[in-house]
Amino acid sequence: MWLLTGKLVPLILLVIWFFTCRHWWYHTLLVPIVMYTYQIIGLFNEDLSYIDELQFFYMLPVMAIIIPSIYLIKAKMFDKLNTANKTITELEEEFTVRPKTIWGKIRQYF
């Protein structure tokens, strides 16, 4: 239970942060969310003597997709910043995802 609680509490907090974050970089939170989820699944599927030993290598494909995509968004943002006369806040507004449904607009405030 101690191991499960130690992984479940940060996972719940990260999921809450992911759904309430309004910044353009909120997709980077997927890396620790997937890591904690995989560790919880591994907690129930494997022998207890091998917990958290090789799970970093299983996370590499996820990180190989998310981290470069965030870097490319950041590079695109700073390229627009250098070529245009926009501020950082204007560029963040441009890159944020706007909710299209009524439920999305309500969820935006929480």
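Residues numbered from 1 in each chain as written. Predicted model: local features only at pLDDT ≥ 70, side-chain atom pairs only at ≥ 80, totals over all residues. Heavy atoms only, no water.

**A few points about the overall build of the protein**
Worth spelling out the cut-off: Elements are defined by DSSP. Helices are runs of H or I of four residues or more, strands are runs of E of two residues or more, and each kind is numbered from the N terminus. Throughout, exposure labels follow a simple rule: accessible area from a 1.4 Å probe, protein chains only, divided by the maximum for the residue type, with under 20% read as buried, over 50% as exposed, and the rest as partly exposed. Here a residue-residue contact requires only that any non-hydrogen atoms of the pair lie within 4.5 Å. Here the Shrake-Rupley method, with its probe set to 1.4 Å, supplies the accessible areas, and only the displayed protein chains count as covering residues.
If you tally the helices and strands in the protein, you get 5 helices and 0 strands. Along the protein, from the amino end to the carboxyl end, the secondary structure elements read α-α-α-α-α. Of all 110 residues assigned to the protein, the portion counted as buried reaches 24%. When contacts within the protein are restricted to residue pairs at least 6 apart in sequence, long-range pairs at least 24 apart make up 53% of them. Accessible surface computed for the protein: about 8,400 Å², of which carbon and sulfur atoms make up 69%.

**With respect to the nonpolar core**
Spelled out, the test is: Buried Ala, Val, Leu, Ile, Met, Phe, Trp, Tyr and Cys residues that are joined via side-chain atoms within 4.5 Å together make up what is termed a nonpolar core.
Within the largest apolar cluster, 11 residues are counted, these being Leu-4, Leu-11, Leu-14, Phe-18, Cys-21, Tyr-26, Leu-29, Ile-33, Tyr-36, Ile-40 and Leu-43. Of all the secondary-structure elements, those providing two or more residues to this core are helix 1 (2–20) and helix 2 (30–45). If we ignore the near neighbours within four places in the chain, the residues touching Tyr-36 are Lys-7, Pro-10, Leu-11 and Leu-14. Residues Trp-24, Val-31, Met-63 and Met-77 belong to the second largest nonpolar core, which totals 7 residues.

**Concerning the packing of aromatic side chains**
For clarity, the cut-off: In summary, the pairing rule links any two rings of Phe, Tyr or Trp, Trp by its six-membered ring, whose centres are within 6.5 Å, and it sorts them by plane angle into stacked for under 30 degrees, edge-to-face for over 60 and tilted for everything else.
The final tally for this structure, using the stated rule, is 1 aromatic pair. Note on Phe-18 and Phe-19: the rings are 5.3 Å apart at their centroids and 75° apart in plane angle, and the pair reads as edge-to-face. Judged by relative accessible area, which is 15%, Phe-18 ranks as buried. Relative accessible area serves as the criterion here: at 47%, Phe-19 is assigned to the partly exposed category.

**So, the confidence of the model for the protein**
We count it as follows: The predictor attaches a confidence to each residue, called pLDDT, with possible values from 0 through 100.
Chain-level pLDDT for the protein is 76 on average; 71% of the residues reach the 70-or-more range. Within the protein, no element has a lower average pLDDT than helix 5 (residues 102–108), which sits at 66, and none a higher one than helix 1, at 89.

**Considering helix 1**
Put simply, the rule is: Expected helix span is given by 1.5 Å per residue-to-residue step, counting one fewer step than there are residues. Relevant arc is that of directions from the helix axis to the C-beta atoms, nothing else.
Given a rise of 1.5 Å per residue, 19 residues ought to cover 27 Å, and the 28 Å separating the end C-alpha atoms of helix 1 matches this to within 8%. Leu-4, Lys-7, Leu-11, Leu-14 and Phe-18 are the residues of helix 1 that are buried. Down the axis, helix 1 shows its buried residues gathered within 115° of arc, on one side only. In helix 1, those exposed residues whose orientation departs by more than 90 degrees from the buried face are Trp-2 and Leu-13. For helix 1, the secondary structure elements touched by its buried residues are helix 2.

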